[in-house]
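Coordinates in review
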Amino acid sequence: MIREERHRLLTALGETILPADEGPGAAEAGVAGYLERALDRRAARDRVRIESGLELVDTMARQRHGKVFADCGDEERADVLTELQRVPHRIVRGFLSKIVGLVIEGFLCHPRHGGNRGGVGWRAVGYSPEPLP
């Protein structure tokens, strides 16, 4: 997967898993940047599993809606993730668990790790540690 395509997919996944509602979501927190950094730092074996899961998301989006996940609308994206949750395979379930966990990490981590831009995730949950740089 080309890096730009992967970034678009990660952005779309983050926004679908943690959308903005009455407060900030993954986009406002810069979660896609965190996900990129996290994937680049993973061990090769773990990175391959996640990349395979990302390809599956795009494949399912193409099969169900005729376009890649990043080009799907909100309802189409939700449909793809709902269908993905129904896949009983442990590797698919592991991928979903991993990607949801990484999105949450990116929303709540210290901003120096590439997510939680400006501390928006912390403010969303009522946490204010030290002043941000």
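Each remark here, short or long, concerns the structure printed above.
Residues numbered from 1 in each chain as written. Predicted model: local features only at pLDDT ≥ 70, side-chain atom pairs only at ≥ 80, totals over all residues. Heavy atoms only, no water.

Here we look at the environment of glycine 23
This is how it is decided: To qualify as a helix, a DSSP run of H or I must reach at least 4 residues; to qualify as a strand, a run of E must reach at least 2; elements of each kind are numbered from the N terminus.
Within the secondary structure, glycine 23 is located in the loop between helix H1 (3-17) and helix H2 (26-29). As a C-alpha pair, glycine 23 and glycine 73 span 50 residues in sequence and 20 Å in three-dimensional space.

Considerations on the side chain of arginine 6
Stated precisely, the cut-off is as follows: Side-chain atoms alone can form a polar contact between residues adjacent in sequence; in general such a contact is a pair of N or O atoms within 3.5 Å, and within protein one must be able to donate a hydrogen while the other accepts it.
Tracing the backbone through its elements, the reader meets arginine 6 in helix H1. Within polar-contact distance, the side chain of arginine 6 engages the side chain of glutamate 36 at 2.5 Å.

So, the packing of helix H4 (residues 44-65) against helix H5 (residues 74-85)
Relative orientation and spacing of two packed helices are given, respectively, by the angle between their axes and the distance between those axes. Selection rule: Orientation is described by lines fitted to C-alpha atoms, with helices fitted over the stretch in contact, and by angles between N-to-C directions that extend from 0 to 180 degrees. Crossing handedness is defined as follows: a turn of the near helix away from the far one that is anticlockwise and smaller than a right angle gives a left-handed crossing, while the clockwise case is right-handed. Any two residues having at least one pair of non-hydrogen atoms within 4.5 Å are treated as being in contact. Asp, Glu, Lys and Arg are counted as charged, while Ala, Val, Leu, Ile, Met, Phe, Trp, Tyr, Cys and Pro are counted as nonpolar; the rest, among them Gly, fall into the polar class.
One can describe the packing of H4 onto H5 by two numbers: an axis separation of 10 Å at closest approach and a directional angle of 115 degrees. By crossing handedness, the relation of H4 to H5 is classed as right-handed. Of H5, the residues touching H4 (which contributes Leu56, Val57, Met60, Ala61, Arg64 and His65) are Glu76, Asp79, Val80, Glu83 and Leu84. Looking at the contact of H4 with H5 residue by residue, the class counts come to 6 nonpolar, 1 polar and 4 charged.

A few points about a nonpolar patch on the surface
This is how the line gets drawn: Surface patches are drawn from residues lacking salt bridges whose relative accessible area is over 30%; two like charges belong together within 9 Å, two nonpolar side chains (Val, Leu, Ile, Met, Phe, Trp, Tyr) within 5 Å. The protein chains shown are the only cover counted for residues, whose accessible areas, like all others here, come from Shrake-Rupley with a 1.4 Å probe. Here a salt bridge means any side-chain nitrogen of Lys or Arg lying within 4 Å of a carboxyl oxygen belonging to Asp or Glu.
A cluster of nonpolar side chains, contributed by Val100, Ile104, Leu108, Val125 and Tyr127, occupies part of the molecular surface with about 430 Å² of accessible area. Structurally, leucine 108 can be placed in helix H6 (residues 90-108).

Remarks on H6
Defined as follows: In a helix, the anticipated span is given by 1.5 Å times the number of residues less one. For every residue, the accessible area (1.4 Å probe, protein chains only) is compared with the maximum for its type, and the residue is labelled buried under 20%, exposed over 50%, or partly exposed between those bounds. Directions pointing from the helix axis toward each C-beta atom define the arc.
Its 19 residues place the ends of H6 27 Å apart at the C-alpha level, agreeing with the 27 Å of an ideal helix rising 1.5 Å per residue. Where H6 is concerned, the buried positions are Val92, Phe95, Leu96, Ile99, Leu102, Val103, Gly106 and Phe107. Within H6, the buried residues cover an arc of 135 degrees as seen down the axis, which keeps them to one side. Exposed side of H6, more than 90 degrees from the buried face: Arg90 and Ser97 are the residues found there. As for H6, its buried residues are in contact with H1, H2, helix H3 (31-41), H4, H5 and helix H7 (120-124).

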